[in-house]
There are 2 protein chains.
Amino acid sequence: MSTATPQRTGVVGARVRRHEDDRLLRGLGRFADDVDRLGQVYARMVRSTVAHGAVVGIDTAAARALPGVVAVITGADLGDIPPIPIRLPRGDEPPDCLQRILPDEVRYVGEPVAVVVAEDPYTAEDAAELVTVDYRELPVVVDADGAPPVARLETGYGDVDDAFTTAAHVVEVDVEVGRHAAVPMEPRGLVAEYDPATGRLQVWGATKVPVFNRGVLARMLGMPAEQVRLHAMDAGGGFGARGEFYPEDLLIPWLARRLRRPVKWTEDRAENLVALNHSRQQRHRIAAAFDADARLLALRDEITHDNGAYLRTHGLLVPELTVGMLPGPYRVPAYRAAVDVVLTNKTPCGTYRAPGRYEGTFAREHLLDVAADRIGIDRAEIRRRNLLRPDEIPHVRPLRALGTDVVLDAGDYPALLEAALERTRGWREEVARLRARGRRAGYGFAVFLEKSGLGPHETADVIVEPSGRVRVHSGGTSLGQGIETALAQIAADRLGVDHRQVQVVNGDTDLQPFGLGSWASRSTVLAGNAVDLAATAVLRRAREVAARMLGVAADLLDHVDGGFEVAGRRVALGEIAAACAPGSPHLEPGAEPGLAARRVFEVDHMTYPYGVHVAVVDVDPGTGHVSVPHYLVAYEVGRAINPTLVEGQLVGGVAQGLGGALHENFHYDAQGQPQAVTFVDYLMPTAAEVPGLVDTLITENAPSPDNPLGIKGAGEGGITAAGAALANAVRDALGLPGDVGHLPLSPPWLCTLADSR
Amino acid sequence: MSTATPQRTGVVGARVRRHEDDRLLRGLGRFADDVDRLGQVYARMVRSTVAHGAVVGIDTAAARALPGVVAVITGADLGDIPPIPIRLPRGDEPPDCLQRILPDEVRYVGEPVAVVVAEDPYTAEDAAELVTVDYRELPVVVDADGAPPVARLETGYGDVDDAFTTAAHVVEVDVEVGRHAAVPMEPRGLVAEYDPATGRLQVWGATKVPVFNRGVLARMLGMPAEQVRLHAMDAGGGFGARGEFYPEDLLIPWLARRLRRPVKWTEDRAENLVALNHSRQQRHRIAAAFDADARLLALRDEITHDNGAYLRTHGLLVPELTVGMLPGPYRVPAYRAAVDVVLTNKTPCGTYRAPGRYEGTFAREHLLDVAADRIGIDRAEIRRRNLLRPDEIPHVRPLRALGTDVVLDAGDYPALLEAALERTRGWREEVARLRARGRRAGYGFAVFLEKSGLGPHETADVIVEPSGRVRVHSGGTSLGQGIETALAQIAADRLGVDHRQVQVVNGDTDLQPFGLGSWASRSTVLAGNAVDLAATAVLRRAREVAARMLGVAADLLDHVDGGFEVAGRRVALGEIAAACAPGSPHLEPGAEPGLAARRVFEVDHMTYPYGVHVAVVDVDPGTGHVSVPHYLVAYEVGRAINPTLVEGQLVGGVAQGLGGALHENFHYDAQGQPQAVTFVDYLMPTAAEVPGLVDTLITENAPSPDNPLGIKGAGEGGITAAGAALANAVRDALGLPGDVGHLPLSPPWLCTLADSR
């Protein structure tokens, strides 16, 4: 891969207004529930009311008898449908842990056991309540601790035991991250329509990895993949959870094909809270060994990962990422980590923004604060001594993450830490002033490593029209992150045209059948570089044709403002596109007509951005309320295509990270009944809880050498260290000698901690 | 252009069942009126009730007041919309003859003057009747004869006057072809929808030249072409008329964009008969000069062409084709023809299956029969002496047709005549027997030249899927002719796969933005050869990748049954497609992923099929009824991709040609009021009028050297000589010394002719 970053003076790096806003701010966005097809019927899931049970019988008679009911489908109707496969399999996943569709044994409350279809959604919901399911209840596992694991992942390098034996200081903490989840503003929704004339099946709604899901759906239905067309829609939040393949993603298309009518399904909030992937729930018994100078000798972690009832599409990804990324930006001479993956009778878990890193960063950074205090050195100083220096990078770490070798590609971690500390110097003084007035204020920070730009490849088309407008068919999907704008900027920059002339179309599997989707902070890196390659190929072709049009050698032409010029004569890109049409004298015989290119960007390694979170908290020990008056995310992004979009990602991430750190928790009773099934019980942060102004410090000092644009992903850096920084700030505020025990730092727990001091 | 026709043993030439029938026979075809969009409203045209008048005022108040009416639009609302352009301009068209949209001066009964849009079609129709248009009536021209022409086309070569001066025999007739038209079973329909979020406009319905119409619509609306997507639908008959750009093709999309609601319009039969292009109406004063051996010395024709009120999209095409093709398959040493193109206050005319050739073949072949009788030689013999012999072909004729030089490419005209005469020897005997029993039976035939395969180019995509299925995005459109089947056969033959694995998708301007459409018997020739080129390119690429997969040199591979083999090892086409996906080790870095190609077939000249029509008639001189017990079309097609489809084209053409010869006639009163406005007045042939069995003799003796597949088009040969053969048979039956005067040979006219004898 070339590392030459061509000089640009264009729109890459500019704060251009989001293209998406043209529709979203005018109410013209199209979300899943905005899709309606003529003659559609409405599906409603019948969901398990028990956490573990054998389905002994399903009585659908009363539901079928309700006027307006079109069909009631149970597992017996489905026939032999394979389980939902793992999207990124490692190969060592335990057998029989995959989720089946409408199984005869349910394993969590909320699991679909039947589907009702009716002429209107109200009838469907009423009829679903008339379906009687007879269960023989089975033993329920709610607590992962002590339960037998279905898989154990072990990784590491170096002589950890020796390091711990000879260490000057050993520090250990035992901390847990609660069960929380993406909870996007928009619940899921699907519309499926089958055309018996063409045998084609269209599905609207799931936005993340439409091409992959197309393949899964086609295989599960026994159809050729190209006969299935998925349309990603606008999405009210993705965060890793939306757009994965769920039971409904099979059921709704299956019904449309069976019933020969379009079928629509819109998830309600109560369903969403038990049906969409949960995440995060882990216990870390993490320990560090230091020499006398507080330099790390080794790190070890024994982790219990509660994955809920099944391995869904993410398989063992979150545990793998947890241990693969745990050493973070530090020099860790020896490392050993093990994760016990336990299945429990709770909603299955998958990835959620910064999966594994939110958990691991919390464990590691909280450990470092405790260690600094125990050793008696400054909390920043312990990090300064252990962060990898620029001269140690690239740093090859004998670990795997997302199936790739961990090679930390570029960075100056200590410098960014200093910058963040310097930027927040006043906050430390403010904390001191608050404390002097008797307030339980605290300052906490955490350094983190992110990963982004997962390959192996992404594909993009760039098409220039005779009008001069440019279309991009990208493999990314629009999850609200502004990818259409970023890709338009990249294409415009390369082609030298106004970015508003570039229209990016995402998530249509017919238009871009090779797209790998938007996840793992990969879109801007992968799709962006694919767009750049395709635009470069288009430009090369345009130069050839322009040379023919102007009757000069191609290398005499100057590329100026989206056209080619020589000696005062000029052809614009649109004119060149017109000259590539069939019948043009400038099109060589046998040549492919049109001015367009489809190109693949391939990359073996991820690129590793990094950052620092700094939080100021003000704890009310009476109520347990934690207010967060100040928050900073410092983040090295390699190259910001659009700084406003990067800021948006970071600030939004903080809000979500704060929720998991302080409020959100899916808790269950001993029978596996979920206790947080509405927003009254599941506490999302509101504007009152989130800092009014999240400060950001975006640096572009360490472009990635692994992609021509030098980009690093920015989708997750706003959340990764939020649990860590807030826990460290709370610990600082309360003056805890040990760790905070677990997240979320909910008011009751805060009161307990405050009292324990 | 290579003339090598590769040897094939595949499916080209086989009578495979039509792919289209899978949907059409199951009622799954989708015609214009089958399209419905959510929230659509319905348009109804307000049409002129006078043949020529200035629109003094339009009172829309009552219509607007009707509940359910959404909008009433007049010309004043439209603003500055340009007139409908000519699709194939010659450059010498008279100015100011183009049709404008909702003009302030109407020129024929049925011309749109306003549009009403309502929530349902019934309200729209009721409201349209409430619109009051105040006209100041202007002088009406109904009869083209004697009216001043707007254009005069003159063509020819050689010294015609000298030939006529020195001729042994000069024969002249003065004949007319009546005004008739395509009258497809399915009236037109359009649905348009505008998406303000993307700025894209979609239009469903017009099936013929969607890419061209997209450009016209975009220009008229001031939009970039790529923001308009046209979807051709299944069509209940095209025949040249359906799918051209009419006022409604602007109005319905304009309304959808203006109203921000989908707009649907379905033409009713009464509208169709005054709104869709008429055709054919010409008067020929045609004369031939012969030497003493009845060899042609010269041909001359003075033609009056009644084009109705405007030059629509076909401009001067029909007159040009008339004079360009008039010499037909004969050796004509000198030729002069002139057409006066006259505008009259009647429905505008355009092409209708075999435009110009139906008229010219009738004039010429009728003249030859009269001449043979006058000179006193056999009607077949006069043709034998004058038909071009194989050794005279290719024959370059200094004429132009459809903007191309006339080069008769391949053929043995006399041989086909003999074959047709031989095949119908029994019919002549039967006629003699009938006459012996007192019946007015007649035998008539006519030799004709067709043209097909008009360039300049056509584009096709061939895409192989990992499933092994093949998709073809063709520039042709499905007008019922079976083009999907023919193209699937061509692709399957080249790729070596089962033709049922090939899915042809036509008429979507997004999928094939370079398609030139289906008209002028060009699709199989142009699109077929484009598909063959694209399939060849795909195969070449497949061989390269297969070689990489198998680790051998590409030229060692054998292409067998849709795969490549070497030494007992084999990779199928689908496997090769999978190996072309991004990330495949077999895909070269930087290469375009996928196994697909878009290719252009270019051709300068048309290819000229030819044929013979033979008819037996049995005339009832009392009622004027002409029954047609026998009919033969002999036709040289170069190469029949699917003989069943060719037969279908020929037989269907005969039915239409018979209608125009015997029954159909759009007649007007002196005020320009159309007198044939229902099927009670406009007499379409029914099963009772059409021969129960139309015989066909399809030969493949003269493949075209101008395209690799050797194809000649077969869309029009079934109609071209129908007027001529039937007129000749009737003349034979009645024993007329002169000509039949005019078509149609309607019962009253037949009675007149019978009495005149």
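Residues numbered from 1 in each chain as written. Chains lettered and ligands numbered in written order. Predicted model: local features only at pLDDT ≥ 70, side-chain atom pairs only at ≥ 80, totals over all residues. Heavy atoms only, no water.

Trainee: Provide a residue-level description of the side chain of Thr607 of chain A, including the pertinent values.
Mentor: By the element assignment, Thr607 of chain A lies in the loop between β27 (595-602) and β28 (610-620). A distance of 2.4 Å separates a polar atom in the side chain of Thr607 of chain A from a polar atom in the side chain of Asp409 of chain A. (Helix = DSSP H or I, 4+ residues; strand = E, 2+ residues; numbered from the N terminus. Polar contact = N/O pair within 3.5 Å; in protein donor to acceptor, adjacent residues only side chain to side chain.)

Trainee: Outline the state of the cysteines, supporting the account with residue identities and numerical values.
Mentor: Within the structure shown, the criterion is met by zero disulfides over all chains. Here Cys349 of chain A is not disulfide-linked; the sulfur of Cys97 of chain A is the nearest cysteine sulfur, at 14 Å. (Disulfide = S-S within 2.5 Å.)

Trainee: Just give me the short version of the environment of His314 of chain A, but keep the residues and values in it.
Mentor: Residue and element names in this part refer to chain A. One can find His314 in the loop between β16 (296-306) and α9 (317-325). As a C-alpha pair, His314 and Glu244 span 70 residues in sequence and 8.7 Å in three-dimensional space. What His314 contacts, discounting residues up to four positions off in sequence, is Ile86, Arg87, Lys208, Gly240, Glu244, Asn277, Gly350 and Thr351. (Contact = heavy atoms within 4.5 Å.)

Trainee: Residue-level account of helix α13 (residues 425-436) of chain B, with values.
Mentor: Side chains of residues three or four places apart in an α-helix project in the same direction, reflecting 3.6 residues per turn. Residues and elements named next belong to chain B. Here α13 is twelve residues long and its end C-alpha atoms lie 17 Å apart, about the 16 Å a rise of 1.5 Å per residue gives. For α13, the full list of buried residues reads Trp427, Val431 and Leu434. In an axial view of α13, the angular spread of the buried residues amounts to 65°, which keeps them on one side of the axis. Along its buried surface, α13 packs onto β20 (440-449), β28 (610-620), β29 (625-636) and β30 (694-699). One or two residues past the end of α13 sits Gly438, with phi positive at roughly 90°. (Expected span 1.5 Å × (residues − 1). Buried < 20%, exposed > 50% of the residue type's maximum accessible area, 1.4 Å probe, protein only. Arc of directions from axis to C-beta.)

Trainee: Quick rundown of the sheet that holds strand β17 (residues 334-342) of chain B? Include the residues and the values.
Mentor: All names here are of chain B. Spatial ordering of the open sheet is given by β7-β17-β16-β15-β8, a layout of five strands whose pairing is mixed. This sheet does not close on itself; its edge strands, each paired only once, are β7 (151-157) and β8 (169-177). Between one strand and the next, the sheet's axes are offset by a mean angle of 10°, whatever the strand orientation. Judged from the nine bridges that link them, strand β16 (residues 296-306) and β17 form a sheet pairing that is parallel. Residue pairing for β17: Ala298 is matched across the bridge by Ala334. Packed on one face of the sheet, helix α10 (residues 357-375) meets β8, β15 (282-290) and β16 and runs near 140° to β8. (Pairing = 2+ DSSP bridges. Axes fitted to C-alpha atoms, helices over the stretch in contact; angles between N-to-C directions.)

Trainee: Explain the relation of the copies chain B and chain A residue by residue, including any values.
Mentor: Screw-axis analysis of chain B against chain A gives a translation of 0.0 Å along the axis, an RMSD of 0.0 Å, and a rotation angle of 180°. A rotation of that kind, with that shift, is consistent with a two-fold axis. Relative to the rotation axis, the closest C-alpha in chain B is found at Leu38 of chain B, a distance of 3.2 Å. Mapped onto chain A, 100% of the interface residues of chain B again fall at the interface, so both copies present the same surface. (Least-squares fit on C-alpha atoms with pLDDT ≥ 70 in both.)

Trainee: Break down the UniProt feature "domain: Aldehyde oxidase/xanthine dehydrogenase a/b hammerhead" (unreviewed entry) in chain A for me, citing the residues and quoting the values.
Mentor: Look at the UniProt record and you will see "domain: Aldehyde oxidase/xanthine dehydrogenase a/b hammerhead" (unreviewed entry) annotated at residues 26-139 of chain A. Annotation note: span residues 26-139 of chain A, helix share 17%, strand share 31%, distance between end C-alpha atoms 52 Å. (UniProt positions renumbered as here; feature names shortened; annotations may be inferred.)

Trainee: Please set out the interface of chain B and chain A residue by residue, giving values where relevant.
Mentor: It is common to give the size of an interface as the accessible area that goes away when the parts come together. On the side of chain A, 32 residues touch chain B, which itself brings 32 residues to the contact. At the boundary of chain B with chain A, total buried surface from both sides reaches about 3000 Å², with 58% on carbon and sulfur atoms. For chain B, the biggest contributors to the area lost against chain A are Leu38, Glu226 and Pro582 of chain B; these three give 19% of the whole. Glu592 of chain A is paired through a salt bridge with Arg599 of chain B; the nearest N and O atoms lie 2.8 Å apart. On inspection of chain B and its partner chain A, the count reaches twelve residue pairs in polar contact (both at pLDDT 80 or more). Residue assignment for the side of chain B that touches chain A shows that the elements contributing at least two residues are β21 (457-464) and β27 (595-602) of chain B. Looking at the side of chain B that touches chain A element by element, the count peaks at five residues for β27 of chain B. Classifying every residue of the side of chain B that touches chain A gives eleven nonpolar, nine polar and twelve charged. (Buried area = accessible area lost by both parts, 1.4 Å probe. Salt bridge = Lys/Arg side-chain N within 4 Å of Asp/Glu carboxyl O. Nonpolar A, V, L, I, M, F, W, Y, C, P; charged D, E, K, R; others polar.)

Trainee: Hey, could you go over the domain arrangement of chain A for me, with residue numbers and the actual values?
Mentor: Residues and elements named next belong to chain A. Domain annotation for chain A reports domain 1 (20-30 + 456-602), domain 2 (32-139 + 188-266) and domain 3 (278-453 + 605-756). The C-alpha centroid of domain 3 is placed 36 Å from the C-alpha centroid of domain 2. At the boundary of domain 2 and domain 3, one finds one salt bridge. Remark: the boundary between domain 2 and domain 3 carries twelve residue pairs in polar contact (both at pLDDT 80 or more). Here the side of domain 2 that touches domain 3 is composed, by residue class, of 17 nonpolar, four polar and nine charged. (Domains from an automatic or database assignment.)

Trainee: Give a description of the pairing of strand β1 (residues 41-47) of chain B that names residues and reports values.
Mentor: Residues and elements named next belong to chain B. Judged by how many residues are buried, β1 sits mostly within the fold: six of seven residues are covered. When β1 meets strand β5 (residues 112-118), the two strands line up antiparallel, connected through six bridges. Opposite Ala43, over in β5, you have Val117 as the bridge partner.

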